[in-house]
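Geometric and topological summary
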Amino acid sequence: MASITAFRVGHCTHPSCMVLKGSGFASRCFPSRAYLIDTRAGLYLWDTGYADHFRTATSKGVYRMYAWVTPVVFDAHESLQGQLRAHGVSPGDIHTLLLSHFHADHIAGMRDFPQARLMASKTGWDAVRGLSGIPAVRQAFVPELLPLDIADRLSFVESVPETALPAALHPFTTGRDVSGTGEIYIVELPGHAIGHLGAFVLQDGGWTLLASDAAWVPESFQQLRGPSELSFIIQHKRAPYYETLHRLHQLHRGGQAQIRITHEDTDDYAPVAGRP
């Protein structure tokens, strides 16, 4: 069975009420996670979190708006490359970098894994490829973060046939086994971004859904409490967002899978020397 190790790779801050209705104006910390998934087919990464590339790319032009709207804290000791090396994994060991979507806080470290195969939603890629300036910022996309050879390395989850998921994962019924070993199944989680994906991972203790940004805080899917309506200025569409949230709520109520979201403020990540 697969194993998952979470890494905290920088964080941003927002007023709590932006991500959870009725939760007040106090500032709340939102860590950005990357997940190392060790499978029989090799090592996979789920997203990358922030990186120095983000700071460089958002220090100029209209992309400064991104850094202004989303204040980011990223220290050298949080580098995903460095954390992986401390974990005994070099960038060249990564078989595939799976991208949940193309928002900058999920792809900022792509350039640090030049040998990894890249895999994402074709729908998501088609929505951002070629974007720049204000249209890119409106989709939380920073094109400078992309590797120059992305066209040669990127493949799409849609090329993997859908297969049935266990009944225990209801209401999710089908997924795409990108690992080829039955350990990682990709599912669509629409609403937050075009082509937004999640991944069911089978571990010894059962199933875990890496739900990315289908919710920003656990209370959302636990209590069916959505974000501020203002959030849909940057999120893709309200109706599919809430459809996905209801599906996560059903999965949570079923109790047969753990749900992990990228930005929850919990201490479930690998410890790093120098981090408070």
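Above: the structure in question.
This is a predicted model, so every value here is computed, not measured.

1. A closer look at the sheet that holds strand β11 (residues 197-203)
- Strands sit in the order β8-β9-β10-β11-β12-β13 across an open sheet of 6 strands; the sheet is mixed. Where the open sheet ends on each side, the last strands, each with one partner, are β8 (162-164) and β13 (257-260). In this sheet, adjacent strand axes meet at a mean angle of 35° when their direction is disregarded.
- In terms of strand pairing, β8 meets strand β9 (residues 174-177) through 3 bridges, oriented antiparallel. Bridge pairing in β9 links T163 to G175.
- Seen against the sheet, helix α10 (residues 238-254) touches β10 (184-188), β11, β12 (206-210) and β13 and runs at an angle of roughly 135° to β13.

2. Considerations on a nonpolar patch on the surface
- A contiguous nonpolar surface patch, about 220 Å² in accessible area, is contributed by V62, M65 and I134.
- Counting through the fold element by element, I134 comes out in helix α7 (residues 133-138).
- Residue classification places I134 among the partly exposed positions, given a relative accessible area of 38%.

3. Some points on the layout of surface pockets
- Approximately 650 Å³ is the volume found for the largest pocket.
- Among the secondary structure elements, those contributing two or more residues to the lining of the largest pocket are β1 (3-15), α1 (16-19), α3 (64-69) and α7.
- Classifying every residue of the lining of the largest pocket gives 15 nonpolar, 6 polar and 3 charged.
- Of the voids in this model, the second largest pocket is the one considered here, and its volume is about 230 Å³.
- Sorting the residues of the lining of the second largest pocket by element identifies β9 and β10 as the ones contributing at least two each.
- Partitioning the lining of the second largest pocket into residue classes produces 6 nonpolar, 7 polar and 5 charged.

4. Here we look at the pattern of salt bridges
- All told, the structure shown has 11 salt bridges when counted by the stated rule.
- Of the charged contacts, one joins K122 and D126 as a salt bridge, the two residues approaching to 2.8 Å between their closest N and O atoms. Placement of both K122 and D126 in helix α6 (residues 122-128) is noted, with a separation of 4 residues, approximately one turn of the helix.
- K122 gets classed as partly exposed once you look at its relative accessible area, which sits at 39%.
- In this structure D126 comes out as partly exposed when scored by relative accessible area, which is 37%.

5. Comments concerning the sheet that holds β1
- If you trace the 7 strands from one edge of the open sheet to the other, you get β4-β1-β2-β3-β5-β6-β7, paired in mixed fashion. Two strands bound the open sheet, and with one partner strand each, they are β4 (72-73) and β7 (154-156).
- Where strand β2 (residues 27-39) and strand β3 (residues 42-46) come together, 5 bridges link them in antiparallel fashion. If you follow L36 over to β3, its bridge partner there is L45.

6. A short note on unusual backbone geometry
- Of note, the bond from H170 into P171 is cis; its omega dihedral lies within 30 degrees of zero at 15°.
- Mapped onto the elements of the fold, P171 is located in the loop between β8 and β9.
- Residue D47 is not a glycine yet carries a positive backbone phi of 65°.
- Despite not being glycine, S212 shows a phi value in the positive range, around 50°.
- If you trace the backbone, S212 turns up in the loop between β12 and α9 (218-223).

7. Some points on the environment of Y50
- Relative to the helices and strands, Y50 is located in the loop between β3 and α2 (52-57).
- In this structure, the C-alpha to C-alpha distance between Y50 and G61, residues 11 residues apart in sequence, is 19 Å.

Thresholds applied
- Residues numbered from 1 in each chain as written.
- Predicted model: local features only at pLDDT ≥ 70, side-chain atom pairs only at ≥ 80, totals over all residues.
- Heavy atoms only, no water.
- Pairing = 2+ DSSP bridges.
- Helix = DSSP H or I, 4+ residues; strand = E, 2+ residues; numbered from the N terminus.
- Axes fitted to C-alpha atoms, helices over the stretch in contact; angles between N-to-C directions.
- Contact = heavy atoms within 4.5 Å.
- Patch = residues over 30% accessible without salt bridge, like charges linked within 9 Å, V, L, I, M, F, W, Y side chains within 5 Å.
- Areas by Shrake-Rupley, 256 points an atom, 1.4 Å probe, with all protein chains shown as cover.
- Salt bridge = Lys/Arg side-chain N within 4 Å of Asp/Glu carboxyl O.
- Buried < 20%, exposed > 50% of the residue type's maximum accessible area, 1.4 Å probe, protein only.
- 1 Å grid on protein atoms, 1.4 Å probe; cavity = no way out; pocket = protein on both sides within 12 Å on 5 of 7 lines; lining within 4 Å.
- Points joined across faces, edges and corners; volume = space filled by probe spheres on them.
- Nonpolar A, V, L, I, M, F, W, Y, C, P; charged D, E, K, R; others polar.

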